[in-house]
Amino acid sequence: MAVLAIVFAATLSSCSKKGIKDPVTLDKAAGKWSINAIRHQIYTGSSTPEDSTVPWRPNPENFVIFDGVSAFQYAFNGSSTINGIYSFIGQDSISINLDGENNRWKILLLTPTNFNIERTSDNLHDFPGATVVTYQSFVR
């Protein structure tokens, strides 16, 4: 019975997704990621949000590249690339300074294949007066 319990425990531990509960480090985010989706949840005085996905039109591709130190490049729906800087805050957030605007994003998931972040804002120019939760999903 003890042998069966050891085999069962080993099977369960080998199936867990590495990276979800591990501390966030610079090397985990380093490299090129495709921007898979950008989505907004828009709250305008109601507890039920309006959901909106930003149209995805790669020209030629949508990507973000983290250099593993502090610099990154970002391209979404356009032919130009924007340079920025980033740093990790604790084990669950990333500070991203892009085009002169600094924002703190909560890291929802960071694995070798998926990197999902979110931030909440009360002053997005596209949604005046609304609280907006923005999600970005990167894959490789």
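Nothing here was measured: the structure is a model prediction, and the numbers come from that model. (Residues numbered from 1 in each chain as written. Predicted model: local features only at pLDDT ≥ 70, side-chain atom pairs only at ≥ 80, totals over all residues. Heavy atoms only, no water.)

So, about the confidence of the model for the protein chain. Of all residues in the protein chain, 81% attain a pLDDT of 70 or more, and the chain-wide mean is 85. A low-confidence stretch, residues 1-19 (pLDDT under 50), is modelled with 4 contacts involving residues beyond four sequence positions or located in other chains. (pLDDT = per-residue confidence, 0-100. Contact = heavy atoms within 4.5 Å.)

For F76, the location among the structural elements is in the loop between β4 (71-75) and β5 (82-89). Measuring from C-alpha to C-alpha, the distance between F76 and S34 comes to 9.6 Å, with 42 residues separating the pair along the chain. Those residues within four positions of F76 in sequence are excluded, and the remaining contacts are I35, I38, V54, P55, W56 and N62. (Helix = DSSP H or I, 4+ residues; strand = E, 2+ residues; numbered from the N terminus.)

A word on the side chain of E118. Of note, E118 is situated in strand β8 (residues 114-121). Despite its burial, E118 pairs with no opposite charge; the closest candidate is K106, at 6.3 Å N-O. In terms of polar contacts, E118 uses its side chain to reach the side chain of Y135, at 3.4 Å. In contact with E118, not counting residues within four places along its chain, are R104, W105, K106, L108, V133, T134 and Y135. (Buried < 20%, exposed > 50% of the residue type's maximum accessible area, 1.4 Å probe, protein only. Lys, Arg positive; Asp, Glu negative; His and termini not counted. Salt bridge = Lys/Arg side-chain N within 4 Å of Asp/Glu carboxyl O. Polar contact = N/O pair within 3.5 Å; in protein donor to acceptor, adjacent residues only side chain to side chain.)

This next bit is on the pattern of salt bridges. On inspection of all chains with the given rule, the structure shows 3 salt bridges. Between R39 and D51 there is a salt bridge, with its nearest N and O atoms 3.2 Å apart. Here D51 lies in strand β2 (residues 50-53) and R39 lies in strand β1 (residues 31-43), a separation of 12 residues in the sequence.

F66, I94, F115, I117 and F138 are the most contacted members of the largest nonpolar core, which has 19 residues in total. Of all elements in the fold, only β1, β3 (63-66), β4, β5, β6 (93-98), β7 (101-110) and β8 reach the threshold of two or more residues within this core. When near neighbours in sequence (up to four residues on either side) are disregarded, F138 contacts W33, S34, I35, N36, V64, F66, T113, N114, F115, N116 and I117. (Core = buried A, V, L, I, M, F, W, Y, C linked by side-chain atoms within 4.5 Å.)

Bringing the side chain of H40 into the picture now. One can find H40 in strand β1. A distance of 3.0 Å separates the side chain of H40 from the side chain of T134, its partner in a polar contact. When sequence neighbours within four positions are dropped, the list of residues in contact with H40 reads E50, D51, S52, V54, F127, V132, V133 and T134.

So, on to the pairing of β6. Bridge count between β5 and β6: 6 bridges; the pairing is antiparallel. Paired with Y86 across the strands is I96, a residue of β6. Linkage of β5 to β6, two consecutive antiparallel strands, is achieved through a turn of 3 residues, within which G90 is found at a positive phi near 60 degrees. Where β6 meets β7, 6 bridges bridge the pair, whose relative direction is antiparallel. Among the inter-strand pairings, S93 is bridged to a residue of β7, identified as K106. The turn linking β6 back onto β7 is made up of 2 residues, and D99 within it adopts a positive phi angle of 60 degrees. (Pairing = 2+ DSSP bridges.)

Glancing now at the packing of aromatic side chains. In this structure the tally under the stated criterion is 8 aromatic pairs. Geometrically, the ring pair formed by Y86 and F88 is edge-to-face, given 6.0 Å between the ring centres and 85 degrees between the ring planes. One exposure class covers both Y86 and F88, and it is buried. What links up through ring pairs into an aromatic cluster is the set W33, F66, F72, Y86, F88, F115 and F138. Note that K32 overlies the ring of F63, its terminal NZ or CZ placed 4.8 Å from the centroid. One residue, R140, lies across the ring of W33, its end atom 3.7 Å from the ring centre. (Phe/Tyr/Trp six-rings, centres within 6.5 Å; stacked < 30°, edge-to-face > 60°. Lys NZ or Arg CZ within 6 Å of the ring centre and 35° of its normal.)

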